[in-house]
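This is what each chain is made of:
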Amino acid sequence: MRFRIFTEPQQGASYDDQVVVAQTAERLGFDAFFRSDHFLSMGEGDGLPGPTDSWVTLGAIARETSTIRLGTLVSSATFRHPGLLAIQVAQVDAMSGGRAELGLGTGWFAEEHAAYGIPFPEKRFGILEEQLEVITGLWSTPVGERYSFAGEHYTLVDSPALPKPVQSPVPVVVGGGGPKRTPLVAARFASEFNIGFTLDPKPAFHRVRAACDEIGRDPGSLHYSSALTTAVGADDAEYARRVQAIGREPETFRENSLGGTPQQVIDTIGRLADDGVDTLYVQIMDLHDLDHLELIAAEVLPAFA
């Protein structure tokens, strides 16, 4: 089981907050530091000091860490042209010595697009498909050769397809619960399929495996991951305090989240592993509670070493 820290900086976190969490996660033995890619806070709270760009942030964190993997869960295909995104991710991969991963999705939060003047087309899945085609095409084009693409949404002519990332290929994460197109896109482009915020990932995993079979890909060549909001306490009182600190109710938090004492959380993760989860994104909402990371690393991770 790979354990990854997953953060939501748009809720109110500076770059300094994020680099401390990434460095702490690296020291404690977590596999990766991932962040969302959003520009507006959600729910209560003012989101101060304001949003941080995910790939600028990850490039800076790359220079402040040495082993932990870095990525987005997930970048929105509406935010960046695929040619630009391919360059950005390749550069972060070089800055990190080959530790970058790209999570890419259609985007869903209309209000953040309106707030910053970003177009938000009603139909976005075709944009996502073409972006994955372009990005992976640019990265896989041999040095010295040219890449061109003509699609409905993007046209690239005679691109030198540079720079190249350190990794070949850069891991690509595709996620979502769509019943048809999402599994096929994951089967074509992804090294990892992610399903978030459910304790029953099996149906989504089954659809992706079936899509792999359909195109002749080994379903075992993908990682299968889950992302869950997490609150762990050494005892029931500490658990309740952490849940309430993020505006949730202890009694209902466990319905679609990862919560409880270390042993209760270990039991839940064990059931997820039985369902096929090999990578768990531990979503931490309070980035100032570093003791939370210490507890998870000391009391939960060893059970899956």
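Data block above holds the structure.
Below, the structure is looked at part by part. Here the structure is a predicted model, which is why all the values come from computation and not from measurement. (Residues numbered from 1 in each chain as written. Predicted model: local features only at pLDDT ≥ 70, side-chain atom pairs only at ≥ 80, totals over all residues. Heavy atoms only, no water.)

**Overview of the pattern of salt bridges**
Which entries qualify depends on this criterion: Salt bridges are defined by distance alone: a side-chain nitrogen of Lys or Arg within 4 Å of a carboxyl oxygen of Asp or Glu. Each helix is a run of H or I in the DSSP string that is no shorter than four residues. Each strand is a run of E no shorter than two, and both are numbered from the N terminus. Partly exposed describes any residue whose relative accessible area lies between the buried limit of under 20% and the exposed limit of over 50%, with all areas from a 1.4 Å probe on protein chains only and scaled to the type maximum.
Under the defined criterion, the tally for this structure stands at 14 salt bridges. Across the pair Arg 181 and Glu 129 runs a salt bridge, and its minimum N-O distance is 2.8 Å. Of this pair, Arg 181 sits in helix 6 (residues 181-189) while Glu 129 sits in helix 5 (residues 125-140), placing them 52 residues apart in sequence. Using a relative accessible area of 44% as the deciding quantity, one classes Arg 181 as partly exposed. Residues joined in a network through salt bridges with shared partners are Arg 2, Arg 4, Asp 31, Arg 69, Glu 101 and Glu 192.

**Things to note about the packing of helix 6 against helix 7 (residues 202-215)**
Between two packed helices, the angle of one axis relative to the other and the distance separating the axes together describe the packing. As a reminder of what qualifies: For every element, the axis is a line fit to its C-alpha atoms; helices are fit only across the contacting stretch, and the angle between N-to-C directions ranges from 0 to 180 degrees. For this classification, under 35 degrees means roughly parallel, over 145 means roughly antiparallel, 65 to 115 means roughly perpendicular, and everything else is oblique. Note on convention: near helix rotated counterclockwise from far helix by under a right angle means a left-handed crossing. Clockwise means right-handed. We call two residues in contact when some of their heavy atoms are within 4.5 Å. As a working rule, the residues Ala, Val, Leu, Ile, Met, Phe, Trp, Tyr, Cys and Pro are called nonpolar, Asp, Glu, Lys and Arg charged, and the rest polar, with Gly in that last group.
Across the interface, helix 6 lies against helix 7 with an axial gap of 8 Å and an inter-helix angle of 60°. With respect to each other, helix 6 and helix 7 are oriented oblique. In this structure, helix 6 meets helix 7 at a crossing whose hand is right-handed. Counting all contacts with helix 6, which are made through Pro 183, Leu 184, Ala 186, Ala 187 and Arg 188, the residues of helix 7 involved are Arg 207, Val 208, Ala 211, Cys 212, Glu 214 and Ile 215. Tallied by class, the residues present in the contact of helix 6 with helix 7 amount to eight nonpolar, no polar and three charged.

**Some points on the pairing of strand 7 (residues 155-159)**
Where we set the bar: At least two bridges found by DSSP between two strands is the condition for calling them paired.
Bridging between strand 6 (residues 147-150) and strand 7 involves three bridges; their strand directions are antiparallel. Among the inter-strand pairings, Ala 150 is bridged to a residue of strand 7, identified as Thr 155. In textbook terms, the turn of a hairpin is the stretch between consecutive antiparallel strands, and for strand 6 and strand 7 this stretch comprises four residues.

**Things to note about helix 8 (residues 236-245)**
Cut-off, in case you're wondering: Each direction from the helix axis to a C-beta atom contributes to the arc, which is the arc of those directions. Within 3.5 Å is the distance limit for a polar contact, defined as a pair of N or O atoms, with the added protein rule that one can donate a hydrogen and the other accept it, and that residues adjacent in sequence qualify only through two side-chain atoms.
Tyr 239, Ala 240, Arg 242 and Val 243 are the residues of helix 8 that are buried. Projected down its long axis, helix 8 shows its buried positions confined to an angular sector of 165°, all on one face. Along helix 8, the residues that are exposed and aim more than 90 degrees away from the buried face are Ala 237 and Ala 245. Next to the buried residues of helix 8 lie strand 10 (223-232), helix 9 (250-253), strand 11 (258-260) and helix 11 (290-299). Put simply, Asp 235 is the residue that caps the front of helix 8, since its side-chain oxygen is 3.2 Å from the backbone nitrogen of Ala 237. Following helix 8 by one or two positions, Gly 247 has its phi on the positive side, about 80°.

**Considerations on the nonpolar core**
What counts here: What we call a nonpolar core is a set of buried Ala, Val, Leu, Ile, Met, Phe, Trp, Tyr and Cys residues that are connected through their side-chain atoms within 4.5 Å.
If you look at the biggest cluster of nonpolar residues, it comprises 73 residues, and the most contacted ones within it are Ile 5, Phe 30, Phe 33 and Trp 139. In terms of residue count, helix 5 provides more of this core than any other element does, eight residues in total. Other than its neighbours up to four places away in sequence, Ile 5 contacts Val 21, Ala 25, Phe 30, Ala 32, Phe 33, Phe 34, Val 282, Ile 284 and Leu 293. Residues Ala 32, Leu 73, Val 173 and Ala 227 belong to the second largest nonpolar core, which totals seven residues.

**Section: the side chain of Arg 69**
For Arg 69, the position within the fold is in strand 3 (residues 69-72). Here the side chain of Arg 69 touches Glu 101 through a polar contact of 2.5 Å, side chain to side chain. Dropping the residues within four chain positions of it, Arg 69 is found in contact with Arg 4, Asp 31, Ala 32, Phe 33, Gly 98, Arg 99, Ala 100, Glu 101, Gln 167 and Pro 171.

**As for the environment of Ala 245**
Along the chain, Ala 245 turns up in helix 8. For Ala 245, a relative accessible area of 54% corresponds to the exposed category. Along the primary structure Ala 245 and Asp 286 are separated by 41 residues, whereas in three dimensions their C-alpha atoms are 7.8 Å apart.

**Here we look at the packing of aromatic side chains**
The condition that has to hold: Ring pairs are drawn from Phe, Tyr and Trp, using the six-membered ring of Trp, whenever the two centres fall within 6.5 Å, and their geometry is named by plane angle: stacked under 30 degrees, edge-to-face over 60, tilted for the rest. Geometrically, a charge over a ring is one whose NZ (Lys) or CZ (Arg) sits within 6 Å of the ring centre while staying within 35 degrees of the ring normal.
In this structure the tally under the stated criterion is nine aromatic pairs. Between Phe 6 and Tyr 281, the aromatic rings sit 6.5 Å apart at their centres with planes inclined by 85°, giving edge-to-face as the arrangement. On the criterion of sequence distance, the pair formed by Phe 6 in strand 1 (residues 2-7) and Tyr 281 in strand 12 (residues 279-284) is long-range, its members being 275 residues apart. With respect to burial, Phe 6 and Tyr 281 carry one shared label: buried. Taken together, Phe 6, Phe 34 and Tyr 281 form an aromatic cluster joined through their ring pairs. Residue placement shows Arg 209 over the ring face of Tyr 224; its charged tip is 4.3 Å from the ring centre.

Shape descriptors only; they carry no functional weight alone.
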